[in-house]
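Below, each chain spelled out in residue letters.
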Amino acid sequence: MSYANATSDELILASRLLKNGQMQSELSVPGMKCAGCISKIEKGLSTLPGVVSARVNLSTKRVSVVWNKSAHTPPLIDALNGLGFAAHLSSVQGRTEDNELRRLIRALAVAGFGAGNIMMLSVGVWAGAGEDARALFHWLSAAIALPVLIFSGRVFFSSAWIALKARSTNMDVPISVGILLTFALSLYDTAAGRPHAYFDAATSLLFFLLIGRTLDHVMRARAHNAISALQKLAPRGATVVHADGSTECRSIDKIKPGMLLRIAAGGRIPVDAVIVDGRSDIDVSVINGESSPETLKQGDSVAAGSLNLTGPITARATASEKDSFLADMIRMMENAEGARHQYRRIADRISDLYTPVVHLGALMAFLSWLMLAGDLHRAVAVAVSVLIITCPCALGLAVPMVQVMAAKKLFRAGVMIKDGAALERLADVDTIVFDKTGTLTTGTPRLSHENDVGLHALNVAGAMASYSTHPYSRALAQVSRLSTPIRLEANQVAEYPGDGLEAEIDGVEYRLGRPDWAASLPTKKDADEKSCVALSRNGELVALYHFEDDARPSAGAVIKKLEQCDFNTLMLSGDREHAVSSFASRVGVSSWEANLRPAEKVKRITEMTASGRKLLMVGDGVNDAPALAAAYASMAPGSAPDIGRNSANFVFLNDDLNSIPLTIETARRAKTLMRQNITFAILYNAIAVPIAFLGLVTPLIAALAMSASSLVVVLNSFRFGGGKQSRTNVMKGRGLAKILLARSRVQIQ
Amino acid sequence: MSVMVLLVLVSISMGAVGLAVFLWSFNAQQYDDMDGAAERVLIDDDEE
């Protein structure tokens, strides 16, 4: 399912209400590249009626639009398409979105300032400053170090304190103890006029740790808002019809099975229900992922969250809110996400082993030096150097640094990573599960070429179709927009829900809709009837329009490529068997299943996972969301609706299926580099710790060794971009900062 | 000696000014769209 032409309903759902009553929407525009695009987009959007302002962010390739909430929602996406840009809706995130990242960057800046200036003073001391100057420099260093530690160290202290209060421990505990002990020892030594102080060690340690922490935060998965987006699909209230014919607006949780509900055209179905009166075209993509609506009438059941497109209906509720289809979907998402949280990231697994070892090592060093040498000061100094040298700087950088480099590479190729840990999982994937509509196909019905399209007839059809929101009408209207339009007033066109449109032009009655309704053609069953619309003049057939949902251009090639690389491929679709089988043979997918509801997709995925397979789910629709969350790793195209994108780990904005093999390849390379980095970090500790334990290392040398090991890890990670690119390292550094900040704003999720 | 104290203090306060400027520009969200900022200089405001 695709929302290349998002309805105003979708736009409102994806927008945020600002305090002054205006709405803010964010659109992802992957095609923008230059200053020309910026001014074109900003000017083009600001001139739309109702739009207050439009602001492009070129780094994240998004535009943020503020508009007045009135009867008419501005046609943002159509306007962007008109300007020549493909665009889709993104969920809005507030400015407060990533306060944590901003806090980390501020702490990092202050720590960098402190470390640099104290190092400058230390160089003076090492160069052989006189006793007075040394004391002065030490006091100055202390004066700089204290506020820096208080400001920047809080990141670690507060987390360590929370862990200690809960009577547990984490990586931040040895870090905090190490930093505080180093500072206290240095302060004591400065006051006692001793020759060594280690303020530089404490601050540079903090600086390096904060780099790792910031990168890690950037790559961590944000809280999903797929579930809340699903909840938004349910209307807050519904119109209940009482026995005496009076109507009342009730909130959705007060609707009980058996109540009669009235659902207007354009409204969403609040709870599962059976239609008792009226017929309408209903968008049931939440169930089957198909873009073409189904014509439902009396006696048909409708699921909560479906969108009633054309006519008002009255329906009897068959379930309460919490037993309805949408609530089931939400429960499935929650279960799936709970299961995914059980995945332990490589870095977390290591840090669990690491922390007790470091604690024990430092404590042992302290005790043995105290007992053997009987010198408290010496014992503390050795313990501190063990803590500093084992500080998980290199380890803290090993994984996030690679993730950031991978994210940068993928972003350039048009793929967004939503969760750094997903790279680790993606590298192990052996089976790829595809959805059909909107994933392997474009998801938007298109007028097929082989029709004999009479120009005048097409113009009439297009003019009529522009008054309907049915996907076929949109496709027709789009095509005829290219030629001279026929003017039609709204009151000339009547829409017959489930049937089609009727219009009177120059005394001639035109009908556009289902063939059996418009031209009394015999009803054909199954696929043909569904993808065909007739135009008739005074009851006589003028033209038949067939619609197709094209395969994405690269679908066949990509599936072949993946199979050649020994991946199992599988297609799970909510579409009818007939359509799925013919499509499967066209693109070359050997195994497929059709007619699957969301719960059945999840079931198939959990079954395969249980049998030891590692699945990558590629899907887009609302109906795929639980499956995306349940799979080991997941990808969605950028054209997917909000909920689909939020449930996936990766989003390919360029809508090119070649992104799938590319992303897997990148993930595998990333995993190799992570392994190398971690091996190196552990090796470094294995060598450095015994030396520190023997008291052969001063805290200063420990800090230098630790910095050097961090640098090695960083440089190794830079190998990621190496090879083809001619960019210099300086440029890479700039790109890195860009990604860092861009990530803070991008949440396609 | 007193000259050195002065120089050290001057250099540190210059660093502090740099830090303050960074924090100010960061808080003012000037790093949120670096590509955009680089391109926007090319946009001619007068063109119509």
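Now for a description of the structure that goes with this document. (Residues numbered from 1 in each chain as written. Chains lettered and ligands numbered in written order. Predicted model: local features only at pLDDT ≥ 70, side-chain atom pairs only at ≥ 80, totals over all residues. Heavy atoms only, no water.)

## Description of the overall build of chain B
Phase 1 of the analysis: Broken down by element type, chain B carries 2 helices and 0 strands.
Phase 2 of the analysis: Counting the 48 residues in chain B, one finds 25% classified as buried.
Phase 3 of the analysis: Approximately 3300 Å² of chain B is accessible, and the part contributed by carbon and sulfur atoms is 67%. (Helix = DSSP H or I, 4+ residues; strand = E, 2+ residues; numbered from the N terminus. Buried < 20%, exposed > 50% of the residue type's maximum accessible area, 1.4 Å probe, protein only. Areas by Shrake-Rupley, 256 points an atom, 1.4 Å probe, with all protein chains shown as cover.)

## Brief notes about the sheet that holds strand 18 (residues 493-496) of chain A
For sheets, the rule is that strands pair by backbone hydrogen bonds, running either parallel or antiparallel.
Residues and elements named next belong to chain A.
Phase 1 of the analysis: The sheet built from 6 strands is open, its strands ordered 17-22-21-20-19-18 with antiparallel pairing. Of all the strands in the sheet, the pair left with one neighbour each is strand 17 (446-447) and strand 18.
Phase 2 of the analysis: Of the strand pairs in this sheet, strand 19 (residues 500-505) and strand 20 (residues 508-513) are connected by 6 bridges, and their pairing is antiparallel. In the strand pairing of strand 20, Glu-504 is matched with Glu-509.
Phase 3 of the analysis: The strands touched by helix 16 (residues 455-465) are strand 17, strand 18, strand 19, strand 20, strand 21 (532-537) and strand 22 (540-548); relative to strand 20, the strand with the most contacts, the crossing angle is about 70°. (Pairing = 2+ DSSP bridges. Contact = heavy atoms within 4.5 Å. Axes fitted to C-alpha atoms, helices over the stretch in contact; angles between N-to-C directions.)

## Quick notes on the packing of aromatic side chains
Phase 1 of the analysis: One pass over the structure, following the stated rule, counts 7 aromatic pairs over all chains.
Phase 2 of the analysis: Considering the side-chain rings of A:Tyr496 and A:Trp517, the 5.6 Å spacing of their centres and the 50° angle between planes classify their relative orientation as tilted. Here A:Tyr496 is found in strand 18, whereas its partner A:Trp517 is found in helix 18 (residues 515-518), with 21 residues between them in sequence.
Phase 3 of the analysis: Residue classification places A:Trp517 among the buried residues on the basis of a relative accessible area of 13%.
Phase 4 of the analysis: A network of ring pairs unites the aromatic residues B:Phe22, B:Phe26 and B:Tyr31 as a single cluster.
Phase 5 of the analysis: Stacked on the ring of A:Phe151, the Lys or Arg A:Arg154 has its end atom at 5.2 Å from the ring centre. (Phe/Tyr/Trp six-rings, centres within 6.5 Å; stacked < 30°, edge-to-face > 60°. Lys NZ or Arg CZ within 6 Å of the ring centre and 35° of its normal.)

## Some remarks on the side chain of A:Ser717
Phase 1 of the analysis: Following the sequence through the fold, A:Ser717 ends up in helix 26 (residues 699-718).
Phase 2 of the analysis: Aside from chain neighbours lying at most four places away, what touches A:Ser717 is A:Met401, A:Val402, A:Met405, A:Leu673 and A:Asn677.

## Quick notes on helix 5 (residues 131-165) of chain A
Count 3.6 residues to each turn of an α-helix, and residues three or four apart come out pointing the same way.
Residue and element names in this part refer to chain A.
Phase 1 of the analysis: Taking 1.5 Å as the rise per residue, helix 5 with 35 residues should run 51 Å; its terminal C-alpha atoms sit only 43 Å apart, a clear shortfall.
Phase 2 of the analysis: When the local axis directions of helix 5 are compared, the greatest deviation, roughly 60°, occurs at Gly-153.
Phase 3 of the analysis: Where helix 5 terminates, the next one or two residues include Arg-167, which has phi positive at roughly 55°. (Expected span 1.5 Å × (residues − 1). Bend = angle between axes of the 7 residues up to and from the residue.)

## Notes on the pairing of strand 20 of chain A
Residues and elements named next belong to chain A.
Phase 1 of the analysis: Once strand 19 ends, the chain turns through 2 residues before running back antiparallel as strand 20, passing Asp-506 with a positive phi of about 50°.
Phase 2 of the analysis: With 4 bridges connecting them, strand 20 and strand 21 associate as antiparallel partners. Of the residues in strand 21, the one forming a bridge with Arg-511 is Ser-536.

## Topic: the state of the cysteines
Phase 1 of the analysis: If you walk through the whole model with that rule in mind, you get 0 disulfides over all chains.
Phase 2 of the analysis: Of all cysteine sulfurs in the structure, the one in A:Cys37 sits closest to A:Cys34, which takes part in no disulfide; the separation is 3.2 Å. (Disulfide = S-S within 2.5 Å.)

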